[in-house]
Amino acid sequence: GAVVSQHPSWVICKSGTSVKIECRSLDFQATTMFWYRQFPKQSLMLMATSNEGSKATYEQGVEKDKFLINHASLTLSTLTVTSAHPEDSSFYICSATSGRETQYFGPGTRLLVL
Amino acid sequence: GNSVTQMEGPVTLSEEAFLTINCTYTATGYPSLFWYVQYPGEGLQLLLKATKADDKGSNKGFEATYRKETTSFHLEKGSVQVSDSAVYFCALSDRAAGNKLTFGGGTRVLVKP
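If you're wondering where the values come from, they're calculated on a predicted model, not measured in any experiment.

Notes on the overall build of chain A
Then, in step 1: In terms of helices and strands, chain A carries 0 helices and 11 strands.
Then, in step 2: Helices and strands in chain A line up, N terminus first, as β-β-β-β-β-β-β-β-β-β-β.
Then, in step 3: On C-alpha atoms alone, chain A measures out to a radius of gyration of 13 Å, which is about the 13 Å that the 2.2 N^0.38 rule sets for 114 residues.
Then, in step 4: With respect to the three principal axes, the spread of C-alpha positions in chain A is 40 × 25 × 20 Å.
Then, in step 5: The burial tally for chain A puts 50% of its 114 residues in the buried class.
Then, in step 6: In chain A, of all internal contacts separated by at least 6 residues, the share reaching a separation of at least 24 is 54%.
Then, in step 7: Taken as a whole, chain A presents about 5,700 Å² of accessible surface, with 53% of it coming from carbon and sulfur.
Then, in step 8: On chain A, the mean spot of the 10 positive side-chain charges and the mean spot of the 9 negative ones are 5 Å from each other.

Here it is in structure tokens:
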């Protein structure tokens, strides 16, 4: 149980385009989903917290107009990187929780912006 | 604020050796503590957790005990395998902060045959 999927697993795009990453909880209802960013050989940096049906809460220093988060249902949250630039290249990981404290993580999406 | 400090890696071991990864934390309330493992190119997997003082989390031969008096949650395994090679993250969850996770920096473990 407690499986979280992400799609796509990797994506390459041109600078200036937008990329959408999906995060799904497969066998439980996720009242809260979190989006993280991880640079090579570093820890995870929390970008934002999203609750189903409400606006995401962004961490300090994260541009909400650049990283659009939508949590439209109890099993799906999306992160859209708008007008992507090479510095947005990273490993993006989502996690989900059913309201209890344990977060279950997706397998991650590797984004490369050329 | 909350913080988690874990030993820096990489930690290189031979197969069947004993593994310890130290983790200490600072928290204003009564956090839950977690160990996550990340295999190359993958997301994080929950390894074990403990929700209150003196609780012991265990899974796949790994153990960690929530020590409030020393604010520690050290990870141990008695006999490691090559397949245990990964990055291990210690983390705490704070209910007062909406169950946000605070991560340590991660410890890379390499087990050689």
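Structural notes on the packing of aromatic side chains
Then, in step 1: Evaluated as defined, the whole model comprises 12 aromatic pairs over all chains.
Then, in step 2: Ring geometry for A:Phe34 versus A:Tyr36: centroids 6.5 Å apart, planes at 35 degrees, classification tilted.
Then, in step 3: Ring geometry for A:Phe105 versus B:Phe103: centroids 6.1 Å apart, planes at 70 degrees, classification edge-to-face. One end of the pair, A:Phe105, is in strand E10 (residues 104-105); the other, B:Phe103, is in strand E11 (residues 100-103), on a second chain.
Then, in step 4: On the basis of relative accessibility, which here comes to 12%, the residue B:Phe103 falls in the buried class.
Then, in step 5: The ring centre of A:Phe91 lies 4.4 Å from the NZ or CZ of A:Arg110, which sits over that ring.

Overview of the side chain of A:Ser50
Residue and element names in this part refer to chain A.
Then, in step 1: Its place among the elements puts Ser-50 in strand E5 (residues 44-51).
Then, in step 2: Within the structure, Ser-50 has its side chain in polar contact with the side chain of His-71 (distance 3.0 Å).
Then, in step 3: In contact with Ser-50, not counting residues within four places along its chain, are Thr-31, Thr-32, Met-33, Ala-56, Ile-69, His-71 and Ser-77.

What about the sheet that holds strand E8 (residues 62-65) of chain B?
Sheet strands pair via backbone hydrogen bonds, and the direction of the pair is either parallel or antiparallel.
Residue and element names in this part refer to chain B.
Then, in step 1: Spatially, the 4 strands line up as an open sheet ordered E3-E9-E8-E7, and their pairing is antiparallel. With one partner strand each, in any of the chains shown, strand E3 (19-21) and strand E7 (56-59) form the two edges of the open sheet. The average angle at which neighbouring strand axes cross in this sheet is 15 degrees, direction not considered.
Then, in step 2: Strand direction decides the pairing type here: E3 and strand E9 (residues 75-77), joined by 3 bridges, are antiparallel. Paired with Thr-20 across the strands is Glu-76, a residue of E9.

Some remarks on the interface of chain B and chain A
Then, in step 1: Each partner contributes to the interface: chain B provides 22 residues, whereas chain A provides 22 residues.
Then, in step 2: Summed over both partners, the interface of chain B with chain A comes to about 1,500 Å²; 51% of that surface belongs to carbon and sulfur atoms.
Then, in step 3: The largest contributions to the chain B side of the interface with chain A come from B:Leu44, B:Asn99 and B:Lys100, which together make up 29% of the buried area.
Then, in step 4: Along the contact surface separating chain B from chain A lie 1 salt bridge.
Then, in step 5: The partner of A:Glu59 in a salt bridge is B:Lys100, and the shortest N-O contact between them spans 2.7 Å.
Then, in step 6: Along the contact surface separating chain B from chain A lie 7 residue pairs in polar contact (both at pLDDT 80 or more).
Then, in step 7: Contributing elements (two or more residues each) for the side of chain B that touches chain A: strand E5 (32-38), strand E6 (44-50), strand E10 (86-94) and E11 of chain B.

Concerning the sheet that holds strand E8 (residues 76-81) of chain A
Residue and element names in this part refer to chain A.
Then, in step 1: Sheet architecture is open: 4 strands sit in the order E1-E3-E8-E7, paired in antiparallel fashion. Every interior strand has two partners, whereas the edge strands, strand E1 (4-7) and strand E7 (67-73), have only one. In this sheet, neighbouring strand axes are inclined to one another by 15 degrees on average, regardless of whether the strands run parallel or antiparallel.

Conventions and cut-offs
- Residues numbered from 1 in each chain as written.
- Chains lettered and ligands numbered in written order.
- Predicted model: local features only at pLDDT ≥ 70, side-chain atom pairs only at ≥ 80, totals over all residues.
- Heavy atoms only, no water.
- Helix = DSSP H or I, 4+ residues; strand = E, 2+ residues; numbered from the N terminus.
- Rg over C-alpha atoms; globule rule 2.2 N^0.38 Å.
- Buried < 20%, exposed > 50% of the residue type's maximum accessible area, 1.4 Å probe, protein only.
- Contact = heavy atoms within 4.5 Å.
- Areas by Shrake-Rupley, 256 points an atom, 1.4 Å probe, with all protein chains shown as cover.
- Lys, Arg positive; Asp, Glu negative; His and termini not counted.
- Charge placed at Lys NZ, Arg CZ, Asp CG, Glu CD.
- Phe/Tyr/Trp six-rings, centres within 6.5 Å; stacked < 30°, edge-to-face > 60°.
- Lys NZ or Arg CZ within 6 Å of the ring centre and 35° of its normal.
- Polar contact = N/O pair within 3.5 Å; in protein donor to acceptor, adjacent residues only side chain to side chain.
- Pairing = 2+ DSSP bridges.
- Axes fitted to C-alpha atoms, helices over the stretch in contact; angles between N-to-C directions.
- Buried area = accessible area lost by both parts, 1.4 Å probe.
- Salt bridge = Lys/Arg side-chain N within 4 Å of Asp/Glu carboxyl O.

The analysis is restricted to geometry; functional conclusions fall outside its scope.
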